[in-house]
Amino acid sequence: MSEKLAAILPCRSIPETVDFYKAIGFEVTFYQERPYAYAVVQHGAVELQFAALKGFEPAASYGACYITTDDVDGLYAKFRKGLKQELGRIPTRGLPRIGPLKDTTYGVRQFIMADPAGNSIRIGQPISEDLHHSPVPKEPVAKALHMASLLGDSKEDYAAAAKILDRLLSTEVPPRRASRP
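From a predicted model like this one, the values you see are computed outputs, not experimental measurements.

1. A short note on helix α1 (residues 14-23)
I14, T17, V18, F20, Y21 and A23 are the residues of α1 that are buried. Residue S13 occupies the N-cap position of α1, its side-chain oxygen lying 3.1 Å from the main-chain nitrogen of E16. Just past α1, the residue G25 takes up positive phi, approximately 110 degrees.

What follows is the structure, encoded as structure tokens:
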């Protein structure tokens, strides 16, 4: 017996969504406009399916999936190159966008992108045998940096991460006394 999983993600526009995935190197393997808009794109063994929903608002999307690979650096470079060619720039804000490639505190090198439908597509490669979050540091500055990093890496909640850092930076630190010889 063999199983295969294909995520079905929402979108507002099949043509816009398909164009995005074609730009980053996916192949369109199915495209239908009637009786309902539906498309399938594929990159290697990864298959993503999209269903257009009337009234769908991309900024409010909760659609997401995680793609594991053994070449995250190669995919990152390929996707950025495709977006640069298609859009004339590499979008880092709004929709669509592609975030930075980084090593996480939970042993994965990854990047997160959002397609025009607001779906969060995480692409990662394990870089450690231990895929658990590293322990929260005790020291206040290290703890704040750790927690802010988790919010950014895991939840893409950059506003909450910024609040943690703002709170850290606004904390008054008592002046150090000069040491005596």
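2. Quick look at the state of the cysteines
What makes a disulfide is a covalent bond joining the sulfur atoms belonging to two cysteines. Inspection of the entire model under this criterion finds zero disulfides. Counting only cysteine sulfurs, C65 is the nearest neighbor of C11, a cysteine outside any disulfide, at a range of 13 Å.

3. Section: the layout of surface pockets
Where empty space is left in the structure can be found by rolling a water-sized probe over the atoms. Considered as a void within the structure, the largest pocket measures approximately 300 Å³ in volume. If you go around the largest pocket, you meet 15 residues; those closest to its centre are G99, P100, G152, E156 and Y158. The set of elements that each furnish at least two residues to the lining of the largest pocket consists of β6 (97-98), β8 (108-114) and α3 (140-155). With three residues, the single largest contributor to the lining of the largest pocket is β8. Across the lining of the largest pocket, the residue classes tally to five nonpolar, five polar and five charged.

4. So, the pattern of salt bridges
Going through the model one piece at a time under the given rule, you end up with three salt bridges. Two residues, K4 and E47, come together in a salt bridge whose shortest N-O distance is 3.5 Å. Of this pair, K4 sits in the segment before β1 (7-11) while E47 sits in strand β4 (residues 46-52), and the two are 43 residues apart along the sequence. A relative accessible area of 61% means that K4 is categorised as exposed. E47 sits in the buried class, given a relative accessible area of 16%. For the salt bridge of R109 with D103, the shortest nitrogen-to-oxygen distance reads 2.8 Å. In this structure, a network of salt bridges that share partners links the residues D73, D103 and R109.

5. Focus on the environment of I90
Locating I90 in the fold gives a position in the loop between α2 (72-87) and β6. Each C-alpha atom of the pair I90 and G107 lies 26 Å from the other, and the pair is 17 residues apart in sequence. If near-sequence neighbours (up to four positions away) are discounted, I90 is found in contact with R80, K84 and I98.

Definitions and limits used
- Residue indices follow the written sequence of each chain, beginning from 1 at its first position.
- For this predicted model, a pLDDT threshold of at least 70 governs which residues receive local features, and a threshold of 80 or more governs which side-chain atom pairs are given and counted, while totals over whole chains, interfaces and linings are taken from all residues.
- The basis for every side-chain value is the complete set of non-hydrogen atoms in the structure, without hydrogens or water.
- Three labels apply to residues, based on accessible area from a 1.4 Å probe with only protein chains included: buried if under 20% of the type maximum, exposed if over 50%, partly exposed otherwise in between.
- Secondary structure elements are defined from DSSP: runs of H or I of at least 4 residues count as helices, runs of E of at least 2 residues count as strands, and each element is numbered from the N terminus.
- Think of a polar contact as two N or O atoms within 3.5 Å of one another; within protein, one of them needs to be a possible hydrogen donor and the other a possible acceptor, and neighboring residues in sequence only count if both atoms come from side chains.
- Two cysteine sulfurs form what is called a disulfide whenever their separation falls within 2.5 Å.
- Two kinds of site are reported from a 1 Å grid over the protein atoms alone, namely cavities, where a 1.4 Å probe fits but cannot get out, and pockets, open sets with protein on both sides within 12 Å along at least five of seven lines, and residues are called lining when an atom falls within 4 Å of a point.
- Grid points are joined across faces, edges and corners, and a volume is the space filled by probe spheres set on the points.
- In this count, Pro and Cys sit with the nonpolar residues alongside Ala, Val, Leu, Ile, Met, Phe, Trp and Tyr, while Asp, Glu, Lys and Arg are called charged and the others, Gly among them, polar.
- One speaks of a salt bridge when a side-chain nitrogen belonging to Lys or Arg is within 4 Å of a carboxyl oxygen belonging to Asp or Glu.
- Contacts are assigned to residue pairs with any non-hydrogen atoms lying within 4.5 Å of each other.

Geometric descriptors of this kind do not, in isolation, establish any biological role.
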